[in-house]
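One-letter residues, chain by chain:
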Amino acid sequence: MPKHAHSPTLTKHHKIALAGVATLGAAALAFSAVPSSAETIASGTPETAAKAAYGTAQLKDVTGKVTDQLALQNVKVEAIAAKKKPASAHQLHVAHVKKAHAAHAAKLHTAHVKHVHAAHAKHVAAVKQAAAKRAAQQAASRSAQRPQIQQVAAKTYANNLDGWIRQALDIMNAKGIPGSYSGLHRNIMRESSGNPNAINNWDINAINGIPSKGLLQVIPPTFATYHVSGTSWNIYDPVANITAAANYAAHRYGTIDNVNSAY
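One structure accompanies this document, and this report is about it. Sequence order as written defines the numbering, with residues in each chain counted from 1. Totals for whole chains, interfaces and linings use every residue, but because this is a predicted model, local features are given only for residues with pLDDT of at least 70 and side-chain atom pairs only at 80 or more, for both listing and counting. Derived side-chain values reflect all non-hydrogen atoms in the structure, with water molecules and hydrogen atoms excluded from consideration.

### Looking at the nonpolar core
Now for step 1: In these notes, a set of buried Ala, Val, Leu, Ile, Met, Phe, Trp, Tyr and Cys residues joined through side-chain atoms within 4.5 Å is what counts as a nonpolar core. Throughout this description, buried means an accessible area under 20% of the type-specific maximum (1.4 Å probe, protein chains only), exposed means over 50%, and partly exposed covers the range between. Counting 27 residues, the largest nonpolar core has Ile165, Leu184, Ile188, Leu216, Ile242 and Tyr263 as its most contacted members.
Now for step 2: Elements with a minimum of two residues in this core: α4 (161-175), α5 (181-191) and α8 (238-253).
Now for step 3: Helix numbers and strand numbers start at the N terminus; a helix is a DSSP run of H or I with at least 4 residues, a strand a run of E with at least 2. Here this core takes nine residues from α8, the largest share from any one element.
Now for step 4: In this description, contact between two residues means that some pair of their heavy atoms is separated by no more than 4.5 Å. Setting aside its immediate chain neighbours within four residues, Leu216 contacts Asn187, Ile188, Glu191, Asn241, Ile242, Ala245 and Tyr263.

### A closer look at the packing of aromatic side chains
Think of a pair of aromatic rings as described by two things: how far the centres are apart, and how the planes are tilted against each other in angle.
Now for step 1: Think of it this way: a Phe, Tyr or Trp ring, Trp meaning its six-membered ring, pairs with another when their centres are within 6.5 Å, and the plane angle makes it stacked under 30 degrees, edge-to-face over 60, tilted otherwise. All chains considered together, the criterion is met by two aromatic pairs.
Now for step 2: Taking 6.0 Å as the distance between ring centres and 35° as the angle between the ring planes, the aromatic pair formed by Tyr248 and Tyr263 counts as tilted. Residue Tyr248 is found in helix α8, and its partner Tyr263 is found in the segment after α8; the two are separated by 15 residues along the sequence. Side by side, Tyr248 and Tyr263 carry an identical accessibility label, which is buried.

### Topic: the pattern of salt bridges
Now for step 1: By salt bridge we mean one thing: a side-chain nitrogen of Lys or Arg within 4 Å of a carboxyl oxygen of Asp or Glu. A complete count under the given rule lists three salt bridges for this structure.
Now for step 2: Lys155 is paired through a salt bridge with Asp170; the nearest N and O atoms lie 2.8 Å apart. Of this pair, Lys155 sits in the loop between α3 (46-154) and α4 while Asp170 sits in helix α4; the two residues are 15 residues apart in sequence, bridging distant segments of the chain.
Now for step 3: Given the relative accessible area of 45%, Lys155 is considered partly exposed.

### Quick notes on the packing of α4 against α5
Now for step 1: Orientation is described by axes fitted as lines to C-alpha atoms, over the contacting stretch for helices, and by angles from 0 to 180 degrees between their N-to-C directions. The contact between α4 and α5 brings their axes to 10 Å, and the two run at 130°. Classified by the angle their axes make, α4 and α5 are oblique. The handedness of the crossing between α4 and α5 is right-handed. Taken together, the residues of α5 that come into contact with α4 (itself represented by Leu161, Asp162, Ile165, Arg166, Leu169 and Met172) are Tyr181, Leu184, His185, Ile188 and Met189.
Now for step 2: Polarity classes work like this: nonpolar for Ala, Val, Leu, Ile, Met, Phe, Trp, Tyr, Cys and Pro, charged for Asp, Glu, Lys and Arg, and polar for all others, with Gly in that last group. Class assignment for the residues of the contact of α4 with α5 results in eight nonpolar, one polar and two charged. Convention used here: angles under 35 degrees read as roughly parallel, angles over 145 as roughly antiparallel, angles from 65 to 115 as roughly perpendicular, and any remaining angle as oblique. Each crossing is labelled by how the near helix is turned from the far one, with a counterclockwise turn of less than a right angle marking it left-handed and a clockwise turn marking it right-handed.

### So, unusual backbone geometry
Now for step 1: At Ser193, a residue that is not glycine, the phi angle is positive and equals roughly 60°.
Now for step 2: Tracing the backbone shows Ser193 in the loop between α5 and α6 (204-207).
Now for step 3: By relative accessible area, Ser193 is classed as exposed at 56%.
Now for step 4: One non-glycine residue, Gln217, adopts positive backbone phi at about 50°.
Now for step 5: Tracing the backbone shows Gln217 in the loop between α6 and α7 (220-225).

### Considering the layout of surface pockets
Now for step 1: Of the pockets and cavities examined, the largest pocket occupies roughly 280 Å³.
Now for step 2: What lines the largest pocket is a set of 14 residues, and nearest its centre among them are Asn205, Ser212, Gln217, Ile219 and Tyr263.
Now for step 3: Considered class by class, the residues forming the lining of the largest pocket number six nonpolar, five polar and three charged. With a 1 Å grid laid over protein atoms only, a set of points is called a cavity when a 1.4 Å probe fits there but cannot get out and a pocket when it is open yet has protein on both sides within 12 Å along at least five of seven lines; lining residues have an atom within 4 Å of a point. Grid points are joined across faces, edges and corners, and a volume is the space filled by probe spheres set on the points.

Shown next, in the form of structure tokens:
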């Protein structure tokens, strides 16, 4: 048996065209039902012959109209089909554009996120680097200061007249008391010959019960008044005796360097 061919689906416009064709076909059949009377008409009256001729003309006119309508419906069907194709292509284009736009937006977002992360990482690295640099500078500054502090703390003086004078001068410079090595040395040699335990038991001070004592022969009241803080309160201590005498001379004579005799 031959296989049944798949009948195409009729659209609305196809159905309308077929309905028109059926109607017109029925009209054509109605006119064609009179052919047996044609002979009668030919042998009849002129009026009857005229009617038959009119019927034939109408049949031709109906046939022409049917043909024209079929052609017109075919054109419409083709136009509708042609319109559908561009619409589908347009939809495909729109979908393609949307997809491309979404992909581009996703790329931009990803690039922006990467840029933000990179900028943040760079900022964090810069902050860490700056902190490390400051820490290194502070460490270097502490290292530079430490030797100086250690040097001052580790400075020692000889336990003799030279060492006593030099230590006294450092204290005097720190306290703002004027005086020089030569001025101190000259007056010490005149007053006590460099003996820190020297004492005068014969001058007026001794008679008054307050003898002069130490390297620069200072009486106890003067030593107590002009004692320099940070030094010993022992009047026989070489450094304490020198600094107190130099402080007294600075207040009375301007500096120990100006003293060249008993003061």
